[in-house]
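Observations on the model geometry
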Amino acid sequence: MPAGLIKDDVYAVGAVDWNERRFHGYTYVTKRGVTYNSYLILDKKVTLIDTVRKGFERELLDNIKSVIEPSKIDVIIINHIEPDHSGAFPEILKICPKAKIYGTEKARQGLLKYYGVSGDWTAVKSGQNLSIGKRTLDFIDVPMIHWPDSMFTYSAYDKILFSNDGFGQHYATNKIFDDEVDFAALMDEAQKYYANILWPFNALVSAKLAAISKLNLNIELIAPSHGHVWRKHVAEIMQKYLYWSSHSCKDRAAVVYETMWHSTEKMARKIVDGITSGGVEAVLFDVTKNDRTDIASYMLDAKGWVFGSSTHDGEMLPAIAGFLHFLKGSKAKGRKSFAFGSYGWSGEATKDIEDTISNITSFDPSLRVVFNPTEEELNQCFEAGRAFALKIKSEK
Ligand code: FEO
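Tyr 241, Val 256, Met 299 and Phe 307 are the most contacted members of the largest nonpolar core, which totals 83 residues. When residues in this core are grouped by element, the largest group, 9 residues, is from helix α5 (residues 183-198). Other than its neighbours up to four places away in sequence, Tyr 241 contacts Gly 166, Phe 167, Gly 168, Tyr 193, Tyr 194, Leu 198, Val 205 and Leu 209. Ranked by size, the runner-up nonpolar core spans 22 residues in total, among them Ala 12, Leu 137, Leu 221 and Ala 223.

Okay, the domain arrangement of the protein chain next. What the domain assignment reports for the protein chain is domain 1 (4-245) and domain 2 (253-394). Taking only C-alpha atoms, the centre of domain 1 and the centre of domain 2 are 38 Å apart. Each side of the interface is counted separately: domain 1 has 15 residues, and domain 2 has 17 residues. For the pair domain 1 and domain 2, the two sides together bury roughly 1,400 Å², of which 56% comes from carbon and sulfur. Looking only at domain 1, the three residues that lose the most surface to domain 2 are Gln 191, Trp 199 and Pro 200, adding up to 41% of its buried area. For the salt bridge of Asp 294 with Lys 31, the shortest nitrogen-to-oxygen distance reads 2.5 Å. Across the contact surface, domain 1 and domain 2 share 7 residue pairs in polar contact (both at pLDDT 80 or more). Secondary-structure elements contributing two or more residues to the side of domain 1 that touches domain 2 are β5 (28-29), α5 and α7 (234-245). Considering each element in turn, the side of domain 1 that touches domain 2 owes the most residues, 6 residues, to α5. Grouping the constituent residues of the side of domain 1 that touches domain 2 by class yields 9 nonpolar, 3 polar and 3 charged.

What the 7 strands build is an open sheet, ordered β1-β2-β7-β8-β9-β10-β11; its pairing is mixed. At either end of the open sheet lies a strand with only one pairing partner, and these are β1 (4-7) and β11 (120-123). For this sheet, the mean inter-axis angle between neighbouring strands, taken without regard to orientation, is 25°. With 4 bridges joining them, strand β10 (residues 100-103) and β11 adopt parallel strand pairing.

Reading guide: rules and limits
Residues numbered from 1 in each chain as written. Predicted model: local features only at pLDDT ≥ 70, side-chain atom pairs only at ≥ 80, totals over all residues. Heavy atoms only, no water. Core = buried A, V, L, I, M, F, W, Y, C linked by side-chain atoms within 4.5 Å. Buried < 20%, exposed > 50% of the residue type's maximum accessible area, 1.4 Å probe, protein only. Helix = DSSP H or I, 4+ residues; strand = E, 2+ residues; numbered from the N terminus. Contact = heavy atoms within 4.5 Å. Domains from an automatic or database assignment. Buried area = accessible area lost by both parts, 1.4 Å probe. Salt bridge = Lys/Arg side-chain N within 4 Å of Asp/Glu carboxyl O. Polar contact = N/O pair within 3.5 Å; in protein donor to acceptor, adjacent residues only side chain to side chain. Nonpolar A, V, L, I, M, F, W, Y, C, P; charged D, E, K, R; others polar. Pairing = 2+ DSSP bridges. Axes fitted to C-alpha atoms, helices over the stretch in contact; angles between N-to-C directions.

So, in structure tokens, the structure goes:
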């Protein structure tokens, strides 16, 4: 995508990775692709905010060249060092070796470890700023949004918050602004992003939002380093971050299961019917057929979490084990759960489920059946689902 003007003398110059489908290794399925956003500010000191992933240097440089010769960059701000933002840094540094670099001390240390270079670095933290001409850029530490080195950069002159990973979406398009793309898709990706990137850091996100609110920044644009620039929906995405980071939940349930010979699946379907009959939305996820990214996104604000697995070799099945291992890192709070599953002779899967994520949710007694559920046992599953719905609705 060519460079795009987001405000007078402020350009989006990043890269679009249309075909990325597995972000963070295997953990995050990005069905709509990814963008690595960088921003170029033309002022007395020409300033580049963040770079892009290795392999996208050409696109970044071509975009910068369409505005100004890259060697004229005076200042590079590194808001975050994860390789999706810093991979092109060594290449950019070669082109403008005299550029002054600004970022946190942790970022400097991380860049040295990754690439062996950090350039002419000035370590900055909250409360410090940098004059680049007409503009003064303020730095705001935001540790764990998304790594310990992370920071935001704010331009009061432009009323832009450059938020790096914060407020991102993995959503590749050839548009820049939030109001140029489908709103439902945008918010779907924003929620998926929060669930899969920031959920474990709710307490820090919440505290940092409160601290930023006290700064009374005038924010017209939020320019993240993934996805679209928030222009029309700044208030909505801020409100969503307050909601998600507060562990708020809706009265709805996810029933996530893995089955060998469909017995556990039969139980799952009856449980979903029971929950629905009790007046609570429920969605069924076969963990072998759904991406964990999507399941986690639904579960982010679902109060009810129900897990099922057949017992195999004395344990739960491997796909649900992998999903629960992933989920327990979320540090979620305020959920209600029970486990279920079929078994042949030992039936350890339900206890295995409970033991794996007892750090983030509490379990009601489990439901287990031998081999294949009878009609009576299926009725018990239905009733368990119905009772679970009533519990979800009654406990606030
Ligand atoms: Fe988009 Fe934490 O990197």
